[in-house]
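So you can see what is in the structure, the chains are spelled out below.
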Amino acid sequence: MARQIVDVLRNDSPQILPSLLMCDFGNLEREIGRLEAAGIKALHLDVMDGVFVPNFTYGMTIVEAVRKITSLPLDVHLMIQDPIRYVDAFVDAGADVLTFHAEAVDDAQKVIDQIHRRGAAAGIAINSKTPVSKIEDCLPSCQLALIMSIEAGFGGQKFEESVLVKFQQVRDIAGTDILLEVDGGVNASTIEKSVAYGAELLVVGSAIFGHANYEPIINSLNSQIAAVKNV
Ligand code: DX5
Ligand code: ZN
C-alpha cells in the first residue's frame, strides 16, 4: 500500500496539496468539493499539539471526517511530540501518508517502522533550520521527505530560500524513489523555484485560502508549475 500511494502521488507531480489549516471547517464538505473541482488530487492535513509547536489545530476526528468526504490521498503532517503514540489512531482515521518531525523524536526509525507496520507511507519532516544530516540514516526507509521552508507552526510565514538545496541533498542520500515535499510560504513568488529545485509535492495554505475563489489561483499556480517543467 505504501508503494502504491507513492506511485499515485508521483504520477500527478509536481502538484499542489492544499493545506487544510485555513479552510472553513464549518463547511468542510463544500471546501473539499471546491478543491476537487479545481483539479486537486491530494490533501495536506496539519496536526499541531500546542507542545511541539506553539499552535494547536485538530486531531484524528477531523482526519476521519475528511476521509468520509473524499477518496483523495490524505497526507497527514504531524507537528506533535511523541508521534509514535498516535500512529495507529491516525492510520485508522484514514491517513495515507503519515509525516512526523525528526525534531520531535529520539528514534525516528521506530516511528517509521510502526507506520509501515500499519500499511501507510512514512514521511519525515525537518524544519527550515534543521540540516538534512539529521535524517540521513532513516531517509532511505521513508517514502517522503518534507522539507519545511519555515519553522513549523503557523501558516502565512515567509519562504526560507536557503532550504532549496536540501532537495538535492535528500536525493543524493535516498535516491529517486523518495517523494520530495515542500511546505511553508509556497505561493506565486516561490512555487517556480521550489519546482526547479526538485520539489514534487507543493503544500499551499494561505496562497489558496486567502482567496474567495480557489480555482483561479490553483489554475494560475499550476501554469507556473507547468512553465518550469516545460523549459
Ligand atoms: C505550517 C503548516 C503548513 C501551513 C502552510 O506549519 O505545516 O502546512 O499551513 O501554510 P502557508 O502556505 O500559508 O505557509
Ligand atoms: Zn504542513
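In this report, we go over the structure that sits alongside the text. Bear in mind that the values here come from a model prediction, so they are computed numbers and not experimental data. (Residues numbered from 1 in each chain as written. Chains lettered and ligands numbered in written order. Predicted model: local features only at pLDDT ≥ 70, side-chain atom pairs only at ≥ 80, totals over all residues. Heavy atoms only, no water.)

1. Here's the deal with the packing of aromatic side chains
Here is step 1: Tallying each qualifying case throughout the model produces 2 aromatic pairs.
Here is step 2: Measuring from ring centre to ring centre gives 5.1 Å for Phe-209 and Tyr-214, while their planes differ by 70 degrees; the resulting arrangement is edge-to-face. With respect to burial, Phe-209 and Tyr-214 carry one shared label: buried.
Here is step 3: Geometry around Tyr-214 places Arg-34 over its ring, the cationic atom sitting 3.9 Å from the centre. (Phe/Tyr/Trp six-rings, centres within 6.5 Å; stacked < 30°, edge-to-face > 60°. Buried < 20%, exposed > 50% of the residue type's maximum accessible area, 1.4 Å probe, protein only. Lys NZ or Arg CZ within 6 Å of the ring centre and 35° of its normal.)

2. Observations concerning the sheet that holds strand S5 (residues 121-126)
Here is step 1: Read across the open sheet, the 8 strands follow the order S1-S8-S7-S6-S5-S4-S3-S2; overall the sheet is parallel. Of all strands in the sheet, those bounded by a partner on one side alone are strand S1 (15-18) and strand S2 (43-48). Between one strand axis and the next, the sheet turns through 25 degrees on average, direction left out of account.
Here is step 2: In this sheet, strand S6 (residues 144-148) lies alongside S5 in parallel orientation, the contact comprising 4 bridges. Opposite Ala-125, over in S6, you have Leu-146 as the bridge partner.
Here is step 3: The strands touched by helix H9 (residues 214-229) within the sheet are S1 and strand S8 (201-204), with S1 carrying the most contacts at an inclination of about 145 degrees. (Pairing = 2+ DSSP bridges. Helix = DSSP H or I, 4+ residues; strand = E, 2+ residues; numbered from the N terminus. Axes fitted to C-alpha atoms, helices over the stretch in contact; angles between N-to-C directions. Contact = heavy atoms within 4.5 Å.)

3. Considerations on the coordination of the zinc ion (ligand 2)
Here is step 1: Protein-derived coordination of the zinc ion (ligand 2) comes from His-44 (NE2), Asp-46 (OD), His-77 (ND1) and Asp-183 (OD), at a distance range of 2.0 to 2.3 Å.
Here is step 2: Going along the chain, you hit the donors of the zinc ion (ligand 2) in the pattern H-x1-D-x30-H-x105-D. As far as the burial class goes, His-44 and Asp-46 line up, both buried. (Donors = N, O, S within 2.8 Å, 3.2 Å for Na, K, Ca; no water.)

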